[in-house]
Every structure is written in structure tokens, then in C-alpha cells.
Amino acid sequence: MAQPFVAENLETQPAAPALLPVQDIMATHPEHRRLPHDAAFGGGSAYVIDRFEPLDRAGVPIADLGFNRGDAVYDVVSVSRGSFFRLDDHQRRFAASCARMRLTNPLAAEEERAVLNRLVALAGYRDAYIWWGVTRGTTPQRTADRTDPSKFANRYFAYAIPYIFIANDERRARGADAVVSRDYFRIPPSSVDPRAKNLNGLDFAMSLFEAGDRGAEWSLLTDGAGNLTEAPGSNIFVVRNGKVATPEDWCLEGITRMTALELVRELGCEVEVRKVAVDELMQADEAFLTSSAGGVVPLNSVDGVVLGGGPGPGPLTRALHDRYWQKRWEGWHGTPVDYTAV
Ligand SMILES: Cc1ncc(COP(=O)(O)O)c(C=O)c1O
């Protein structure tokens, strides 16, 4: 059984251990070295509707509603040290996103797996960010058909590029400085269901500019009623008195969020999935973001207030950050990439 996580025990250790420099490990460790690949895929690989292409030659038909109206759903899975992480969970969430937005995935789950695997194999990546999505397609000619989902030919797009971090080693090690957006609220679930991973992200994009204007690095969005929702590309967690909480709604059900919930329990902490007020964040001992693009991202400050009374990631966040990567690299929830499938 996991021992209860007692923050004070870690705090009394002589020096806070540095976070795993994951980006540096990916760049230098032999098990992360890119495998030989066709030079055409040097800049990444893509799958456009029904064929594989080098990323730099891939494009989206300009009249596709996914491109010109954001009428699409997508997902992102990562590969590290040659293994997909929680591929089944990502595929399950993607199927749910399609269903919520009345889109039909042209590929069956097995076909999709083969496409995603081949994208990584073609580019030889041991650490990769893999995006895929289904768009509505183009508008049918007959006006009467425009409200009938079956009259659209939904299309599949995907690509693989090197792994992306929303916060690099340096920023994760010191913790990101965030602001709670004053100018933008998260789009309400009654307008666009955030559980369907979708392209309607201008609230996030604009809030990041606001964060920059206010001298911060990341933004956190509320529901307009004083509750936290999520952040650009990430879910949010607060830690207070050894208890962890994350918002229950108005957010994507992140796969890294699910992972963090499991790992935090393993560390012996109580976890609550519920409404989380901004005030709780301001009084938190620690806070962090979670994302497939970077794992666990510690927060240092919010609206200029340094969390936990001192700079840098708190002890639970540090433990969680490293455990996430160590377990992944041991193969936890991993599906090894078949690099022969090119
Ligand atoms: C809006 C939003 N919330 C949360 C997340 C984190 O989800 P996951 O952990 O599945 O990457 C993402 C990921 O891109 C996102 O776009």
C-alpha cells in the first residue's frame, strides 16, 4: 500500500531535488535517439484523407469546414522512448469527441492505430507528438443537406512531429508564472462541449496574449463565476494541506489529468474532482498543469502571488512530475511503436 504523502517530510529534506530534465534526456539519452528514416520524412510525417505524405508537403483542402470553420474534433497522443502512452484511452476519448459533435471517423479503431503507428515509424521518432482529427468535410451543394450529418463526407487528417513541451526544462524547474484571465472566460459547455477535444480555442489563444501583456507566461481561465476551468492545452490542479483538487467540469477530461489522479493517489494523497474556486488556488500550497505536451507543469505564481510561500515547484508536484516520466519510461500504459511498419 502507498505510504501517505506527507509534504513536511519532503520539505525537511536538505535540498529540493531538481526535476528530471526530461527535454535534455530526450535530446541526449541513446534510447531516445531518432531511428534511421527516409529523408523525405525528416521534417515529420502526415496522413491526409487517405495517404501518407512528408509533413512539409501535406495540406488541408481549403474549403474543408475543419479548416475554415473549426468544425472538427481532434486528439493528441505522445510517444516517448519508443512507446505510445495510453493509446487506447486517447482513441476512446476521440471516439467520444466524434460522437458528441456528430462526426463519423472514416477509420475503424484498428485502422487508426495502424495509421498513427506508421506516422511515427516513417519519421523514426522515439519521442513524438501525434495529432489526428476528423473534419466535417466540405459543405454539401444542396441547402437542404446542410443540417444532415450524413450528407457530409467527414475526413481524416493526422501528423507526427518531434515531442512538444508547453513548458521547457527551465520553466518546469522553476515553475511557470500564470495569471487568471480577466478578459476571457472559458467558452461555456452549453456553447461548445469542452469534453469533445475541439478547435474552438480563441479564448485560450487570446488569454495567452493577455498573460504576456501582464508579464506572465501562462493563463488560467474561469467559468465567469469564480471557478477554475482549464488552461491553454492543459488541465489544472491545486494542492492544499496535502489534498489535491481539479475541476470537475468546463474542461477536457485530460488523459494526463486522469494519469495525475492515479499517481497522486499512489503517492497517498486524497483527490477531489469538483468545482475549484480561484480563491483556493490563491491560497494553495502548490499548483500544477497537466498535458500530453509536457506532462506535469508546476506553477510558481498566480497573479504575482508566489504559491506555497516560496518560489519553485512544491514537493508533491516534484514527486508527481518525475514519477510520471519514470513510469512511462518503464513502459506503464505503453504500446511500443512497431518501427518495421513503414
Ligand atoms: C483544452 C485542453 N485541456 C486539457 C488538455 C490536456 O489533455 P491531455 O492530458 O489529454 O493532453 C488539453 C490538451 O491539449 C487541452 O487542449
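A quick note: this is a predicted structure, and the numbers were derived from the prediction, not measured. (Residues numbered from 1 in each chain as written. Predicted model: local features only at pLDDT ≥ 70, side-chain atom pairs only at ≥ 80, totals over all residues. Heavy atoms only, no water.)

Right, let's talk about the packing of helix 4 (residues 87-100) against helix 5 (residues 109-123) for a bit. Look at helix 4 against helix 5: their axes get within 11 Å of each other, and the N-to-C directions meet at 125°. Here helix 5 runs oblique to helix 4, going by the angle between their axes. Judged by the sense of rotation from one axis to the other, the crossing of helix 4 with helix 5 is right-handed. In this structure, helix 4 contributes L87, D88, Q91 and F94 to the contact, and helix 5 contributes A109, E112, R113 and L116. (Axes fitted to C-alpha atoms, helices over the stretch in contact; angles between N-to-C directions. Helix = DSSP H or I, 4+ residues; strand = E, 2+ residues; numbered from the N terminus. Parallel < 35°, antiparallel > 145°, perpendicular 65-115°, else oblique. Left-handed = near helix turned anticlockwise from the far one by under 90°. Contact = heavy atoms within 4.5 Å.)

Okay, the side chain of S301 next. Of note, S301 is situated in strand 13 (residues 295-302). Separated by 2.6 Å, the side chains of S301 and D177 make a polar contact. Once you skip the residues sitting within four places of it in the chain, S301 turns out to touch A176, D177, A178, V306 and L307. (Polar contact = N/O pair within 3.5 Å; in protein donor to acceptor, adjacent residues only side chain to side chain.)

Inspection of the region around the ligand gives 15 residues, with R93, K197, E230, T256 and S292 positioned closest. In this structure, an oxygen atom belonging to the ligand sits 2.8 Å away from a main-chain N or O atom of I255. Here the ligand, which alone exposes 390 Å², has 91% of that area covered by the protein. Elements that contribute at least two residues to the shell around the ligand include exactly helix 8 (255-266) and strand 12 (286-291). When the residues that make up the shell around the ligand are grouped by side-chain class, the tally is 4 nonpolar, 8 polar and 3 charged. (Near = heavy atom within 4 Å. Areas by Shrake-Rupley, 256 points an atom, 1.4 Å probe, with all protein chains shown as cover. Nonpolar A, V, L, I, M, F, W, Y, C, P; charged D, E, K, R; others polar.)

A few words now on the packing of aromatic side chains. According to the stated counting rule, one finds 12 aromatic pairs in the structure shown. Between F85 and W332 the ring centres are 6.0 Å apart and the planes differ by 45°, which places this aromatic pair in the tilted class. Taken together, the positions of F85 in strand 4 (residues 83-85) and W332 in the loop between helix 10 (315-329) and strand 15 (334-336) put the pair 247 residues apart, joining distant regions of the chain. Across this residue pair, the class does not change: F85 and W332 are buried. Every member of this aromatic cluster is reached through a ring pair, and the members are F85, Y163, F165, Y324, W325, W329 and W332. Seen from the ring of W332, R86 lies directly overhead, with NZ or CZ sitting 5.8 Å from the centre. Here the guanidinium or amino end of R118 rests over the ring plane of F52, the centre of that ring lying 4.4 Å away. (Phe/Tyr/Trp six-rings, centres within 6.5 Å; stacked < 30°, edge-to-face > 60°. Buried < 20%, exposed > 50% of the residue type's maximum accessible area, 1.4 Å probe, protein only. Lys NZ or Arg CZ within 6 Å of the ring centre and 35° of its normal.)

Under the domain assignment used here, the protein chain contains domain 1 (34-162) and domain 2 (167-329). Relative placement of domain 1 and domain 2: their C-alpha centres are 27 Å apart. Listed per partner, the contact involves 23 residues of domain 1 and 21 residues of domain 2. Interface of domain 1 and domain 2: buried area, both sides summed, is about 1,900 Å²; carbon and sulfur atoms make up 58% of it. There are 2 salt bridges connecting domain 1 and domain 2. Put simply, domain 1 and domain 2 have 7 residue pairs in polar contact (both at pLDDT 80 or more) between them. Within the side of domain 1 that touches domain 2, the residues separate by chemical class into 9 nonpolar, 7 polar and 7 charged. (Domains from an automatic or database assignment. Buried area = accessible area lost by both parts, 1.4 Å probe. Salt bridge = Lys/Arg side-chain N within 4 Å of Asp/Glu carboxyl O.)

So, about the nonpolar core. Formed by 31 residues in total, the largest nonpolar core has its most connected members in L220, L281, L289 and L299. Here this core spans two domains, and each of domain 1 (34-162) and domain 2 (167-329) adds at least three residues to it. (Core = buried A, V, L, I, M, F, W, Y, C linked by side-chain atoms within 4.5 Å.)

A cluster of nonpolar side chains, namely V60, I62 and F67, defines an oily patch on the protein surface of about 330 Å² accessible area. Relative to the elements of secondary structure, F67 occurs in helix 3 (residues 65-69). The exposure class of F67 is exposed, given its relative accessible area of 54%. (Patch = residues over 30% accessible without salt bridge, like charges linked within 9 Å, V, L, I, M, F, W, Y side chains within 5 Å.)

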